[in-house]
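Architecture at a glance
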Amino acid sequence: MKNITLFFMTILSLSLFGQEEPFHKFHPLPYSYNALEPNIDAQTMEIHYDRHHRGYYNNFLKAIKGTELEKMDIVSMFSSVSKQSIAVRNQGGGYWNHTFFWESMVPEGKKIPDGDFKKKFYETFSTLEQFESQFREAAMSIFGSGWAWLIKDENGNLVITTTANQDNPLMDVVVVKGKPLLGIDVWEHAYYLKYKNKRIDYVNNLFPIINWEKVASRY
Ligand code: MN3
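Residues numbered from 1 in each chain as written. Predicted model: local features only at pLDDT ≥ 70, side-chain atom pairs only at ≥ 80, totals over all residues. Heavy atoms only, no water.

**Observations concerning the packing of aromatic side chains**
The geometry of two aromatic rings is summed up by the distance between their centres and the angle between their planes. Where we set the bar: Pairing of aromatic side chains requires ring centres within 6.5 Å, counting the rings of Phe and Tyr and the six-membered ring of Trp. Pairs whose planes differ by under 30 degrees are stacked, by over 60 edge-to-face, and all others tilted. Helix and strand definitions here come from DSSP, where helices need a minimum of 4 consecutive H or I residues and strands a minimum of 2 consecutive E residues; each element is numbered from the N-terminal end. When accessible area is computed with a 1.4 Å probe and restricted to protein chains, residues below 20% of their type maximum are described as buried, those above 50% as exposed, and intermediate ones as partly exposed. Criterion for a charge above a ring: Arg CZ or Lys NZ at most 6 Å from the ring centre, at most 35 degrees from the ring normal.
Enumeration over the complete set of coordinates arrives at 26 aromatic pairs. Each ring, one from F100 and one from W149, has its centre 5.9 Å from the other, and the planes form 50°; the classification is tilted. Remark: W149 occurs in strand β1 (residues 146–152) and F100 occurs in helix α4 (residues 86–103); sequence separation between them is 49 residues. Of the two residues examined, F100 and W149, each falls in the buried class. Both rings, one in F101 and one in W147, keep their centres 5.6 Å apart while their planes meet at 90°; by these two values the pair is edge-to-face. Note that F101 is positioned in helix α4 and W147 in strand β1, a separation of 46 residues in sequence. Using a relative accessible area of 2% as the deciding quantity, one classes F101 as buried. A cation over an aromatic ring shows up here: K152 above the ring of Y219, its NZ or CZ 4.6 Å from the ring centre. A cation over an aromatic ring shows up here: K194 above the ring of Y195, its NZ or CZ 5.6 Å from the ring centre.

**Focus on the coordination of the manganese ion**
Going by this rule: The rule for donors is simple: an N, O or S atom within 2.8 Å of the metal counts, and for Na, K and Ca the reach is 3.2 Å. Water is not among the atoms, so a site may look short of donors.
Note on the manganese ion: its protein donors are H48 (NE2), H98 (NE2), D185 (OD) and H189 (NE2). The metal-donor distances range over 2.0 to 2.2 Å. For H98, a relative accessible area of 0% gives the class buried. A residue is classified by how much of its surface remains accessible, and D185, at 0% relative accessible area, is buried.

Remember, this is a structural readout, not a statement about activity or role.
Below you can see the structure in the form of structure tokens.
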């Protein structure tokens, strides 16, 4: 009965809106624009999400329009991105990376939950402060625009790495590959309104709002 109701509700919503849900969705921000204040100001969040992120999304859709990629999982696309157009790499990367970034943060901050990830984390970095120090160093080392990442490599080890532009560790074009657990945007558009040229202050203010429950669940 429940399934039948769901079926008719789906038909109804499809006919009301006249179109199907797109295969590649533009996910809603998981919190309000001002939810991460003061660490990330509302104006930066709104411009970053509604203009930059939406721009990557729209350009990505344009780039794949009429191709088989319209119905292909984007993570599968990344594993052979060297064979795709540069727009798929740049715009698709920008689209996926930002969705991942929003979900990596949370207004109240979170502690690393007990479990396999926590065990591995402390084996690897000894303390949270040492992790932050290494991650900060990586984020500061990026010349120009890019991302700092914590990844799980093919051997299950935790590795801090960086990528340029909108590349990410799922792409076959990057040197250090792995499953992203945490990713931080260090493009100037992510911090310039509030932090101006002080990337280090921006990075330090991200640490308290990392969603460690989400990061652990990705492991
Ligand atoms: Mn960005």
